[in-house]
Each structure stands twice: as C-alpha cells, then as structure tokens.
Amino acid sequence: MVRYTSLTHPYCVTSIMNPDSEQLLAIDEPNFSHLPVLPQEVIAGLAVCSGGHYLDTTVGGGGHSRLILQAAPDVQLTAIDQDEDALAAAKKELAEFGERVKFIQSNFAAYEFPAASFNGILADLGVSSYQLDTPERGFSFRHTASLDMRMDKQGSLTAADVINEWDEREIADIFFKYGEERLSRRIARRIVEQRPFSTTTQLAEAIASAVPRKYRYGRIHPATRAFQALRIVVNDELKSLETFLAKAPNALVPGGRIAVISFHSLEDRLVKHSLRNSPSLQVLTKKPITAQESETANNPRSRSAKLRIAERVNS
C-alpha cells in the first residue's frame, strides 16, 4: 500500500473498528453489499472529528457513511446518491443514527453544494457490487439482462439506445475513448453488422466473436472494456465527475478534506489533475493510496481502488 503522512488532525479520529467485525458488515438488505473499500484509509484521510459535518456523495449501501458516523457520537452526515435502490438500502443501514443523517437523491454533479459547510467530502466512484450483481440493471454480462446500465433509473439514455441507434464511428470512438479498447473499430463493425441487441449476453458474445482468438481467453473478458465505456456514456460519468470536482472544494471549511476513490485510469487521471490544479486545495497524497493484500483477499473490488485526498486551504 502507498503510505502517506500528515493526514491527521489533532483530536480527530484516525482509527476505526476492525473492518472484518460482524457489526460493521451486518447486512440488512440481502442483495446490497455494505463492505466499504479502503475503510481505514478513508477515515484517517478525512480526519473525522467530533462535531464535524460530512458529505458522502455516493452513499451506496452506506458502508463508508456508517464508519464516519461511528467515529464520534455527534458527527452529522449528508448522504446522497442518484440510485434510488442505493438510497433505500442506505436508509435501512443507517437508520440507527436517526436525525444525524440527511438523505438526498441526486447525482453528485447536480447537488447544490453549500459554501463552507462540510469538514469532509467523500466520493466512491464507479459501479457498486450491488449494481453489478443485480441482473435487471444490465451492468454485467455475467447475467442475461436488458441492456440498461442507468444508475438513475429516471435517465432517458440506455445502453441499448447507444448500441442499436448510434453509428459505427460513434460506437468505435466511445469504446476507444472511455474503454481504452484497442480493437474498438473491429468490435463496432461487428456490432453494427449483428444488431439489434436486446440483452447483455448477446452483446458480450458478439464482442467476443469480433476479436482474435488469443484475446478471447485472456485475463479479462473481451467485452469488459466495451461495457465500461457504455456505462460511462450512459451515465455521463466523466463529465459529472469533472463538474463535481470543480464544485466540491468550495463546500469545504478551511482545513476540510476531500477524499475520492476511483477504479480506472480515466477517473484517476481526472481526479489527480483536478485536485492538483484547484487553487483552494492542497494535495495530501502525492501517489494514490491503494489497498493492502489483506483487504484485497477479502474484497476483490478493492484491487483497482485508488484513493486521493486533498485539504481546503485558507482563502
């Protein structure tokens, strides 16, 4: 794991209960995972303090929010998420904290950040284990499901719209830009030849048939990068992240921290440069913090996680 220094404030909590304990991992909703990525590192990095007000912009199942609320008895938390299923699960998971938690359904880019209001802001980017494991959401080709991929189920654009209606060049471009897929044009050509597609598995099979045999049995499925690109486009993820990173620092009090966990290079690059170039932030992590082997063994999702932290400086 990348080590970091000077991330703690005096009188602030810098350690938490064992993340393997039953209390931390108690699951009220059987299909929604509450296992947070980089739990110790997030709490230490945010320097959670007694009396502080924190903003979890991607509450998901409530795992990180629970740790923040447990850090001190008078911590307040605002929890937002654009996924109504996630928000419902978080309300159950955090019910014991009562009025200490305020819930808001919103994309973090659309949230109206109140100036100088929070001691810490957290964003855990990407798709959750719950979303991947819920077939009807269409995020994964492990299950046969409709080509959806909307994090906000009220959104108008679906993966099926992109695959079945966009032209070949547009599809190839998004695979290359957002999936970093070298065989993007070859794959796009096969998709246009065989469409329309209605299910995730149909699309994954078409993509696999488009690549050379040596790529079909590699470390990752040949459809992985294309599915990532579709999800990013359907949810306008990078534009939303850019907007969030521009707005969030102004919502921190002086000395407040922002912590962002990313899961692929496009996100991490944007986070790195946005934090570094913000005139109101001082970056505390020269290199991203990554998970230790003990965590990756228990939570495979943590293998690709990268945590970057910055602190609001006095204006």
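Residues numbered from 1 in each chain as written. Predicted model: local features only at pLDDT ≥ 70, side-chain atom pairs only at ≥ 80, totals over all residues. Heavy atoms only, no water.

Considering the pairing of strand S1 (residues 53-56)
To be explicit about the condition: Any two strands are treated as partners once DSSP identifies two or more bridges connecting them. Runs of H or I in DSSP of at least four residues are treated as helices and runs of E of at least two as strands, each being numbered from the N terminus. Look down the strands so they point away from you; if the path from the first strand over the helix to the second goes clockwise, the crossover is right-handed.
As judged from the 4 bridges shared by S1 and strand S2 (residues 76-81), these two strands associate in the parallel manner. Its bridge partner lying in S2, Tyr-54 is registered against Leu-77. In the classification by handedness, the crossover that spans S1, the intervening helix H3 (residues 63-70) and the parallel S2 is right-handed. Bridging between S1 and strand S4 (residues 118-124) involves 3 bridges; their strand directions are parallel. In the sheet register, Tyr-54 faces S4, and the bridge partner there is Gly-120.

Details of the nonpolar core
Worth spelling out the cut-off: Remark: nonpolar core denotes a set of buried residues (Ala, Val, Leu, Ile, Met, Phe, Trp, Tyr, Cys) joined through side-chain atoms within 4.5 Å. Categorising residues by exposure relies on relative accessible area from a 1.4 Å probe, with only protein chains included: less than 20% of the type maximum marks a residue as buried, more than 50% marks it as exposed, and the intermediate range marks it as partly exposed. A contact between two residues is defined here by any heavy atoms of the two lying within 4.5 Å.
Grouped together as the largest cluster of nonpolar side chains are 34 residues, with contacts concentrated most on Phe-175, Tyr-178, Ile-187, Ile-191, Leu-203, Ile-207 and Leu-230. If you list the elements that add at least two residues to this core, you get helix H6 (159-165), helix H7 (168-179), helix H8 (184-194), helix H9 (200-210) and helix H11 (224-234). The greatest single-element share of this core, amounting to 7 residues, is contributed by H11. Beyond its immediate chain neighbours, meaning those up to four positions away, Leu-230 contacts Met-149, Ala-159, Val-162, Ile-163, Ile-174, Phe-175 and Leu-203. Counting residues in each nonpolar core, the second largest holds 32 residues, with Tyr-54, Leu-87, Ala-90 and Ile-309 among its members.

Some points on the pattern of salt bridges
Two side chains carrying opposite charge are able to pair once their charged atoms lie near each other. As a reminder of what qualifies: Here, a salt bridge means any side-chain nitrogen of Lys or Arg that lies within 4 Å of a carboxyl oxygen of Asp or Glu.
A complete count under the given rule lists 12 salt bridges for this structure. Of the charged contacts, one joins Glu-96 and Arg-66 as a salt bridge, the two residues approaching to 2.7 Å between their closest N and O atoms. One end of the pair, Glu-96, is in the loop between helix H4 (84-93) and strand S3 (101-105); the other, Arg-66, is in helix H3, and 30 residues separate them in sequence. Assessed through its relative accessible area of 5%, Arg-66 is described here as buried. Salt-bridge contacts for Arg-190 lead to Glu-193; the nearest nitrogen and oxygen are separated by 3.5 Å. With Arg-190 and Glu-193 both in helix H8 and 3 residues apart, the pair spans about one turn of that helix. Arg-190 gets classed as partly exposed once you look at its relative accessible area, which sits at 24%. Given the relative accessible area of 57%, Glu-193 is considered exposed. What you see here is one network of salt bridges that share partners, running through Arg-66, Glu-93 and Glu-96.

Let's talk about the pairing of strand S5 (residues 252-262)
Regular strands show a simple pattern: their side chains alternate between the two faces of the sheet. Of all 11 residues that make up S5, 8 are buried, and the element is covered over most of its length. Taken together, the 6 bridges between S4 and S5 define a ladder with parallel strand orientation. Counterpart to Gly-120 in the pairing with S5 is Arg-257. Across 6 bridges, the pairing between S5 and strand S7 (residues 306-312) is antiparallel. When the bridges of S7 are listed, Arg-257 appears paired with Glu-311.

Quick notes on helix H13 (residues 265-277)
For clarity, the cut-off: By this rule, a helix spans an expected 1.5 Å times one less than how many residues it contains.
The end-to-end C-alpha separation of H13 is 18 Å, in line with the 18 Å expected for 13 residues at 1.5 Å each. Within the span of H13, buried status applies to Leu-266, Glu-267, Asp-268, Val-271 and Leu-275. Contact partners of the buried residues in H13: H7, H11, helix H12 (237-247), S5, strand S6 (281-283) and S7.

So, the sheet that holds S4
Operational definition: Angular values range over 0 to 180 degrees, each being the angle between N-to-C directions of two axes fitted as lines to C-alpha atoms, with helices fitted over their stretch in contact.
On the basis of which strands lie adjacent, the open sheet formed by 7 strands has the order S3-S2-S1-S4-S5-S7-S6 and mixed pairing. Each having just a single partner strand, S3 and S6 make up the two edges of the open sheet. Each strand axis lies, on average, 20° off the axis of its neighbour in the sheet, ignoring direction. Seen against the sheet, H13 touches S5, S6 and S7 and runs at an angle of roughly 15° to S7.

A short note on unusual backbone geometry
Of note, the amide linkage connecting Arg-195 to Pro-196 takes the cis form, showing an omega dihedral of 15°. Checked against the element boundaries, Pro-196 lands in the loop between H8 and H9. Although it is not a glycine, Ala-47 adopts a positive phi angle of roughly 50°. Here Ala-47 shows up in the loop between helix H2 (39-46) and S1. A relative accessible area of 1% means that Ala-47 is categorised as buried. Look at Ala-116: it is not a glycine, yet its phi comes out positive at around 45°. Mapped onto the elements, Ala-116 comes out in the loop between S3 and S4.

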